[in-house]
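A closer look at the structure
Chain residues, written in single-letter form:
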Amino acid sequence: MDNRPIGVFDSGLGGLTAVKELELALPKESIVYFGDTGRVPYGTRSRETVRTYAKQDMDFLIGQNVKAVLAACGTVSSTAADIGASLPVPYFDVVVPTAKAAAAATKNGKIGIIGTSATIHSDSYRQALLAIHSELEVYPQACPLFVPLVENAFISPQEEITRLVAERYLAPIREKGVDTLILGCTHYPIISATIGSVMGKSVTLIDSGREAALALASALQEQGLLCDGNVPRKASYFVTDDPEGFTSVAGLFLGHSIEGRTERINIEKI
Ligand code: DGL
């Protein structure tokens, strides 16, 4: 048993889609969430910059005495997994659990992957899929405008601008006849209604935050690292920009409003 919290981080709000799934899977676990809202987006930055940010983010969570770290960010997962692997606590990310779920879901062997530019250029999901089944046909597509649209709450299925952008990005993958689409960035489940309606009902969407949360939950269970359930659950949130901006939109990601205080920190001085 381990009563310490689980640490989860992302460049911004997107990782809350993983927190939502963690709350469902492990309702008694405490969580420390870090969203680097002052430096979002990560996905358009260089690999070196993302790795520097990722190291700072992970060090912050380790300083919060977490028992495990979840990189709820496709971009960090794709570029800094080795940094995560060197942490003193178990590290989890989105790539392998998501690839496994997609490989299990596809019937025609054609899988689309959407993510940030950094994620798609890293080739992480494609390699993870081909390591599972080398004969899979994989179609990657960077969607750099999705993160700013989501961070600015252009998320309703009626939002024409988001639909137009989705049409432009997704049409080439749809034309390949994929039956499964990896939402390789944790921001994307928030616009899954728009993405799903552009792709069509027959395409299964795989939510990377959800798959990572489920993988983490079963690993903690197997390793005997769950809490004993006798300590009241606590959720703490830390951001690097205006906490109000974060709390006002966070409910859309979590499915409920944020309990307690959101604290602003200076990540470069940690
Ligand atoms: N949620 C992050 C991801 O999965 C967003 C990346 C970004 O900040 O551009 O990649």
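Below, the structure is looked at part by part. (Residues numbered from 1 in each chain as written. Predicted model: local features only at pLDDT ≥ 70, side-chain atom pairs only at ≥ 80, totals over all residues. Heavy atoms only, no water.)

1. What about the overall build of the protein chain?
Broken down by element type, the protein chain carries 12 helices and 10 strands. Its C-alpha radius of gyration of 17 Å places the protein chain within 12% of the 18 Å reference for a compact globule of 270 residues. For the protein chain, the C-alpha atoms occupy an extent of roughly 50 × 40 × 35 Å along the three principal directions. Residues counted as buried form 56% of the 270 residues belonging to the protein chain. Expressed as a percentage of contacts within the protein chain between residues at least 6 apart in sequence, the contacts between residues at least 24 apart total 74%. On the protein chain, roughly 11,500 Å² of surface is accessible, and the fraction owed to carbon and sulfur atoms is 51%. Across the protein chain, the mean location of the 24 positive side-chain charges is 2 Å away from that of the 30 negative side-chain charges. (Helix = DSSP H or I, 4+ residues; strand = E, 2+ residues; numbered from the N terminus. Rg over C-alpha atoms; globule rule 2.2 N^0.38 Å. Buried < 20%, exposed > 50% of the residue type's maximum accessible area, 1.4 Å probe, protein only. Contact = heavy atoms within 4.5 Å. Areas by Shrake-Rupley, 256 points an atom, 1.4 Å probe, with all protein chains shown as cover. Lys, Arg positive; Asp, Glu negative; His and termini not counted. Charge placed at Lys NZ, Arg CZ, Asp CG, Glu CD.)

2. Quick word on helix H2 (residues 47-63)
Over its 17 residues, H2 runs 24 Å from end to end, which matches the ideal 24 Å to within 8%, given 1.5 Å per residue. Those residues of H2 that fall on the buried side of the exposure criterion are Val50, Tyr53, Ala54, Asp57, Met58, Phe60 and Leu61. Buried residues in H2, looked at end-on, bunch into an arc of 155 degrees, giving them a common side. Those residues of H2 that are exposed and angled more than 90 degrees off the buried face are Glu48 and Gly63. Just downstream of H2 lies Asn65, where phi reads positive at about 60 degrees. (Expected span 1.5 Å × (residues − 1). Arc of directions from axis to C-beta.)

3. Topic: the nonpolar core
When a protein is soluble and globular, its nonpolar side chains tend to lie buried together. Counting residues in each nonpolar core, the largest one holds 72 residues, and the members touching the most others are Leu16, Ile114, Leu129, Phe146, Leu170 and Ile195. The leading source of residues in this core is helix H11 (residues 208-222), at 6 residues. Residues within four places of Leu170 in sequence aside, it is in contact with Ile114, Leu181, Ile195, Val198 and Met199. By size, the runner-up hydrophobic cluster in this structure holds 23 residues, among which are Phe34, Val50, Met58 and Val76. (Core = buried A, V, L, I, M, F, W, Y, C linked by side-chain atoms within 4.5 Å.)

4. A look at the pattern of salt bridges
The full count for this structure, using the stated rule, is 15 salt bridges. Where Asp2 meets Arg4, a salt bridge forms, and the shortest distance between an N and an O atom there is 2.8 Å. Here Arg264 makes a salt bridge to Asp241, at a shortest N to O gap of 3.6 Å. Highlighted residues: Arg264 in strand S10 (residues 262-264) and Asp241 in the loop between strand S9 (235-239) and helix H12 (243-254), separated in sequence by 23 residues. For Arg264, a relative accessible area of 51% translates into the label exposed. Owing to a relative accessible area of 33%, Asp241 belongs among the partly exposed residues under this scheme. Three or more residues are tied together by salt bridges with common partners; here these are Asp36, Arg39, Asp57 and Glu268. (Salt bridge = Lys/Arg side-chain N within 4 Å of Asp/Glu carboxyl O.)

5. Focus on the site of the ligand
Neighbouring the ligand are 14 residues; Ser11, Tyr42, Gly43, Gly74 and Thr75 lie closest to it. Between the ligand and Ser11 there is a distance of 2.6 Å, counted from an oxygen atom to a side-chain nitrogen or oxygen. With respect to the ligand, the side chain of Thr75 contributes an N or O atom lying 2.7 Å from an oxygen atom. When the free accessible area of the ligand is taken as 300 Å², the share hidden by the protein chains comes to 99%. The residue inventory of the shell around the ligand, partitioned by class, reads 6 nonpolar, 7 polar and 1 charged. (Near = heavy atom within 4 Å. Polar contact = N/O pair within 3.5 Å; in protein donor to acceptor, adjacent residues only side chain to side chain. Nonpolar A, V, L, I, M, F, W, Y, C, P; charged D, E, K, R; others polar.)

6. Regarding unusual backbone geometry
Residue Val40 is joined to Pro41 through a cis peptide bond whose omega torsion reads 0 degrees. Its place among the elements puts Pro41 in the loop between strand S2 (31-35) and H2. Even without a glycine there, the phi angle at Asn65 is positive, about 60 degrees. Within the secondary structure, Asn65 is located in the loop between H2 and strand S3 (68-71). Exposure remark for Asn65: the relative accessible area of 44% places this residue in the partly exposed category. For Ala153, which is not glycine, the phi dihedral falls at a positive 65 degrees. Note on placement: Ala153 falls in the loop between helix H8 (146-151) and helix H9 (160-175).

7. A word on the packing of helix H5 (residues 95-105) against H11
Relative orientation of the contacting elements H5 and H11 amounts to 105 degrees, with a least axis distance of 8 Å. When the axes of H5 and H11 are compared, the pair comes out roughly perpendicular. Between H5, through Pro97, Thr98 and Ala101, and H11, the contact on the second element is made entirely by Ser208, Glu211, Ala212 and Ala215. In the contact of H5 with H11, the residues fall into 4 nonpolar, 2 polar and 1 charged. (Axes fitted to C-alpha atoms, helices over the stretch in contact; angles between N-to-C directions. Parallel < 35°, antiparallel > 145°, perpendicular 65-115°, else oblique.)

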